[in-house]
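Given next are the chains, with one letter for each unit.
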Amino acid sequence: MSGGGGQVGGGRDAGAFGPWLGSMLAVLRDQPGATVDVPCDGCTACCESSQFVLVEPDEHAARSMIPAELLFPAPGAPEGYSVLPYDEHGRCPMLGSSGCLIYEHRPRTCRAYDCRVLAAAGVDPGPEKPAIGRRVAEWTFRVDGAEDEVALSAVRSAAVFLEEHGDELPAGTPPPTQLAAMALEVHDLFTGGPPAEPSEVIVELGRRLR
Ligand code: SF4
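Rules of the game
- Residues numbered from 1 in each chain as written.
- Predicted model: local features only at pLDDT ≥ 70, side-chain atom pairs only at ≥ 80, totals over all residues.
- Heavy atoms only, no water.
- Helix = DSSP H or I, 4+ residues; strand = E, 2+ residues; numbered from the N terminus.
- Contact = heavy atoms within 4.5 Å.
- Patch = residues over 30% accessible without salt bridge, like charges linked within 9 Å, V, L, I, M, F, W, Y side chains within 5 Å.
- Areas by Shrake-Rupley, 256 points an atom, 1.4 Å probe, with all protein chains shown as cover.
- Salt bridge = Lys/Arg side-chain N within 4 Å of Asp/Glu carboxyl O.
- Lys, Arg positive; Asp, Glu negative; His and termini not counted.
- Charge placed at Lys NZ, Arg CZ, Asp CG, Glu CD.
- Near = heavy atom within 4 Å.
- Nonpolar A, V, L, I, M, F, W, Y, C, P; charged D, E, K, R; others polar.
- Buried < 20%, exposed > 50% of the residue type's maximum accessible area, 1.4 Å probe, protein only.
- Arc of directions from axis to C-beta.
- Core = buried A, V, L, I, M, F, W, Y, C linked by side-chain atoms within 4.5 Å.
- Polar contact = N/O pair within 3.5 Å; in protein donor to acceptor, adjacent residues only side chain to side chain.
- Axes fitted to C-alpha atoms, helices over the stretch in contact; angles between N-to-C directions.
- Parallel < 35°, antiparallel > 145°, perpendicular 65-115°, else oblique.
- Left-handed = near helix turned anticlockwise from the far one by under 90°.
- Domains from an automatic or database assignment.
- Buried area = accessible area lost by both parts, 1.4 Å probe.

Peer 1: How should I be thinking about the environment of leucine 101 in this particular structure?
Peer 2: Tracing the backbone shows leucine 101 in the loop between strand 7 (99-100) and helix 3 (108-112). Sequence separation between leucine 101 and valine 83 is 18 residues; the distance between their C-alpha atoms is 17 Å. Not counting the four nearest positions on each side in its chain, leucine 101 is found in contact with Met94, Leu95 and Gly96.

Structure below.
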């Protein structure tokens, strides 16, 4: 990276970092109308990586498309929340030979999923999700200017901090994708680099991530 712009990543175009960060934060914050257009290009790694898909009670269109026998009560969630499980090969049961069978009505969890959060935060999805790991390693963000450089560096610092101090958070260290999403959410606390007083940051993180 340089002050005038540059790229970071492994060769597959992930788009311009600054605009993507803004859109992704809006999605993570559930702002009305917020979307991210993920250039999946036929990749279905996230649909075949042994991930449970949460289906919320108000997702009537998705629920109408998913056979009732495939929806199970979501553990630890209030009544009405369901999960779509995966098969013995780690595949979502709604994944067909040419992609998601209910793409237009896929659950909110799928709409909000963007594996570029892992690439942005420099977080490895783990050895049990090799297909996602390969895709994450490919993404290349365009970094346009000093502001984007600072933001990207802050996201990375936040991720490192969360990996090192996650067990001090009220809910403990989150799994990789949630950790990367958290790093985006709290990156503004890290624009000056690693914090001088980690305990103060832990308190602030606990407050924000409640
Ligand atoms: S519902 Fe569709 S998009 Fe979501 S995990 Fe299943 S196949 Fe993928």
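Having put the structure on the table, let's press on.
Peer 1: How should I be thinking about a negative patch on the surface in this particular structure?
Peer 2: A cluster of acidic side chains, namely Asp124, Glu128, Glu163 and Glu164, defines a negative patch on the protein surface. Residue placement: glutamate 163 occurs in helix 6 (residues 146-165).

Peer 1: Sorry, what's going on with the site of the ligand here?
Peer 2: The ligand sits among Cys47, Val53, Cys92, Met94, Leu95, Cys100, Arg106, Pro107 and Cys110. A breakdown of the residues in the shell around the ligand according to their chemical character gives eight nonpolar, no polar and one charged.

Peer 1: How should helix 5 (residues 130-138) be read in this particular structure?
Peer 2: Residues that lie three or four places apart on an α-helix share one face, since the helix turns once every 3.6 residues. All of the buried residues in helix 5 are Ile132, Arg135 and Val136. One side of helix 5 carries all its buried residues, which in axial view fall inside an arc of 100°. Opposite the packed face of helix 5, turned more than 90 degrees from it, sit the exposed residues Arg134 and Ala137.

Peer 1: I keep staring at the nonpolar core and nothing clicks. Help me out?
Peer 2: With 42 residues, the main nonpolar core has Phe17, Trp20, Leu118 and Leu184 as its most contacted residues. The set of elements that each furnish at least two residues to this core consists of helix 1 (17-28), helix 4 (116-121), helix 5, strand 8 (139-143), helix 6, helix 7 (176-185) and helix 8 (198-208). Here the element with the most residues in this core is helix 6; it accounts for eight residues. Residues within four places of phenylalanine 17 in sequence aside, it is in contact with Ala120, Phe141, Arg142, Asp148, Ala151, Leu152 and Val155. Counting residues in hydrophobic clusters, the runner-up holds nine residues, among them Val55, Ile66, Leu84 and Cys92.

Peer 1: Explain the side chain of aspartate 114 here, please?
Peer 2: For aspartate 114, the location among the structural elements is in the loop between helix 3 and helix 4. Classification of aspartate 114 as buried rests on a relative accessible area of 2%. Looking at aspartate 114, its side chain comes within polar contact range of the side chain of arginine 116, at 2.8 Å. Each residue touching aspartate 114, except ones within four places of it in the same chain, is listed here: Trp20, Met24, Val36 and Val38.

Peer 1: Is there a simple way to explain the packing of helix 1 against helix 7 in this structure?
Peer 2: Helix-helix packing: each pair is described by the crossing angle between the helix axes and the interaxial distance. Two elements in contact, helix 1 and helix 7, have axes whose closest approach is 10 Å; the angle formed by their N-to-C orientations is 110°. As summarised for this structure, helix 1 and helix 7 are arranged roughly perpendicular, according to the angle between their axes. Considering only the axes of helix 1 and helix 7, their crossing is left-handed. Facing helix 1, whose interface residues are Trp20, Leu21, Met24, Leu25 and Leu28, helix 7 presents Ala181, Leu184 and Glu185. Residue classes in the contact of helix 1 with helix 7 are distributed as seven nonpolar, no polar and one charged.

Peer 1: I keep staring at the domain arrangement of the protein chain and nothing clicks. Help me out?
Peer 2: Often, the extent of an interface is quoted as the loss of accessible area on bringing the components together. Parsing the protein chain into structural domains produces domain 1 (6-38 + 114-208) and domain 2 (45-112). Computed from C-alpha coordinates alone, the two centres of domain 1 and domain 2 are separated by 25 Å. Every contact between the two is made by seven residues of domain 1 and, on the other side, seven residues of domain 2. Per-residue buried area on domain 1 facing domain 2 is highest for Lys129, Ala131 and Ile132; these three make up 55% of the total on that side. Summed over the shared surface of domain 1 and domain 2, the result is zero salt bridges. Inspection of the region where domain 1 meets domain 2 yields two residue pairs in polar contact (both at pLDDT 80 or more). The set of elements that each furnish at least two residues to the side of domain 1 that touches domain 2 consists of helix 1 and helix 5. Here the side of domain 1 that touches domain 2 is composed, by residue class, of five nonpolar, no polar and two charged.

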